[in-house]
Amino acid sequence: MKIVLPGGTGQVGAILDRALTAAGHEVTVLTRRPRRQRDIGWDGATLGAWAEAVDGCDVVINLAGRSVSCRYTAENLRAMMDSRVDSARVVGEAIAAAARPPRVWLQMSTATIYAHRFDAAHDEATGVIGGSEAGVPDYWAYSIDIAKNWERAQADAPTPATRKVALRSAMVMSPDRGGVFDVLLRMARLGLGGPVAGGAQYVSWIHDEDFVRAVEFLIARDDLEGPVNLASPGPLPHREFMRALRTAQGVPVGLPATRWMAELGAFALRTDTELLLKSRRVVPGRLGAAGFGFAHPEWQGAAADLVRRAKASRSDHRAGRRLPGAAARQRS
């Protein structure tokens, strides 16, 4: 298949690009900074020559949007909103103008669209959209508005020949450097992987291999459209999530952190505590009903696999750094 990945250079884009290319698909990445032959430049907001890649392709998977790993200042929140809405709007314009539009448009969304809650899990049918919860910071509602506007931009696009799916994704866990799992694992190795603010808040997640498999599943299933939760069926409280990660890494103890300590840590890391403190209890209702089977449904096994792969990657990286010196010695 011919697949176009707008915004395909981030962590999730790299995962999909790597897997889909390895599977033999022809993948084109739309990016602001093209570097490879199959990269095409775009600005994420206006139509241009890049739209030619959309005309005649089979699938568009739009991942474009400013990273949420930042301080939630007014400026950054606006950039998060604009980059998501503008990219979804202009991808819709390109599809609408195509002589041969793609048969499916998968649009990245987020499980953050659901309300902060502890008592029950959110699926697509019964889940509660957030924004009006009591006892949470006011700016959390803006994150919900971003998600709703993001999905609305896709839903409103006049693309009758193209099936549209909104990917309400939980955190994608992979051993890639700089990803969320990499950060959490580093904290665990440093002894800082304890519960935050009591640890009762739920963590929703999906293993990178299941994320790719779910995307492939949704491409193949012509009967599925609209919002779909991409999350493992096993969300769990933060304290249990971090305990399983420490066990996988072989770290017996993780220091707990209070809310104000989390605020200080988030400030130092130039990110926001919403990513740690919001209770995201999301389950894959539609995927399960459609017969999708998770390879990594429980966090304990998923964490063990990810830690093993992270260790193997670090070992390969160290070996690669040693090779030039070894080769020089052999030549001398």
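Counting from 1, residues in each chain are numbered in the order their sequence is written. A pLDDT threshold of at least 70 governs which residues receive local features in this predicted model, and a stricter bar of 80 or more applies before side-chain atom pairs are shown or counted, although totals over entire chains, interfaces and linings include all residues. As a convention, hydrogens and water are excluded, and side-chain values are obtained from all of the structure's heavy atoms.

S.K.: Help me get a handle on the environment of Leu192, residues and values and all.
M.R.: Helix numbers and strand numbers start at the N terminus; a helix is a DSSP run of H or I with at least 4 residues, a strand a run of E with at least 2. Inspection of the secondary structure puts Leu192 in the loop between helix H5 (180-189) and strand S8 (202-203). Residue contacts are defined here by distance: any two heavy atoms, one from each residue, within 4.5 Å place the two residues in contact. Ignoring sequence-local partners within four residues, the contact set of Leu192 consists of Met187 and Leu255.

S.K.: Before we move on, can you summarise the packing of aromatic side chains with the specific residues and values?
M.R.: By convention here, two paired aromatic rings are described through the distance between centres and the angle between planes. Stacked, tilted and edge-to-face are the three classes assigned to paired rings of Phe, Tyr and Trp, where Trp is represented by its six-membered ring and a pair needs centres within 6.5 Å; plane angles under 30 degrees give stacked, over 60 edge-to-face, the rest tilted. Inspection of the entire model under this criterion finds six aromatic pairs. The interplanar angle of 75° and the centroid separation of 6.3 Å between the aromatic rings of Phe181 and Trp299 together place this pair among those described as edge-to-face. Here Trp299 lies in helix H11 (residues 299-331) and Phe181 lies in helix H5, a separation of 118 residues in the sequence. Aromatic pair Phe217 and Phe292: ring centres 5.3 Å apart, planes at 70°, arrangement edge-to-face. On the criterion of sequence distance, the pair formed by Phe217 in helix H6 (residues 208-220) and Phe292 in the loop between helix H10 (285-289) and H11 is long-range, its members being 75 residues apart. Here Phe217 matches Phe292 in class, with each residue buried. Through a chain of ring-to-ring contacts, the aromatic side chains of Phe181, Trp205, Phe241 and Trp299 assemble into a single cluster. Definition used: whenever NZ (Lys) or CZ (Arg) falls within 6 Å of the ring centre and also within 35 degrees of the ring normal, the charge is taken to sit over that ring. Over the ring of Trp150 we find Arg84; its NZ or CZ atom is 4.8 Å from the centre of that ring. Note on classification: 1.4 Å probe, protein chains only; a residue is buried when its accessible area is under 20% of the maximum for its type, exposed when over 50%, partly exposed between these limits.

S.K.: I'd love a proper account of the packing of H5 against helix H7 (residues 238-249), names of residues and values included.
M.R.: Whenever a helix is involved, its axis is fitted only over the stretch in contact; in every case the axis is a line through C-alpha atoms, and angles between N-to-C directions fall within 0 to 180 degrees. One can describe the packing of H5 onto H7 by two numbers: an axis separation of 10 Å at closest approach and a directional angle of 70°. Taken together, the axes of H5 and H7 are roughly perpendicular relative to one another. Between H5 and H7, the contacting residues are Phe181, Leu184, Leu185, Ala188 and Arg189 on the first element and Phe241, Met242, Leu245, Arg246 and Gln249 on the second. The labels follow the angle: roughly parallel below 35 degrees, roughly antiparallel above 145, roughly perpendicular from 65 to 115, and oblique for the rest.

Fair warning: the whole summary comes from geometry, so function is off the table for now.
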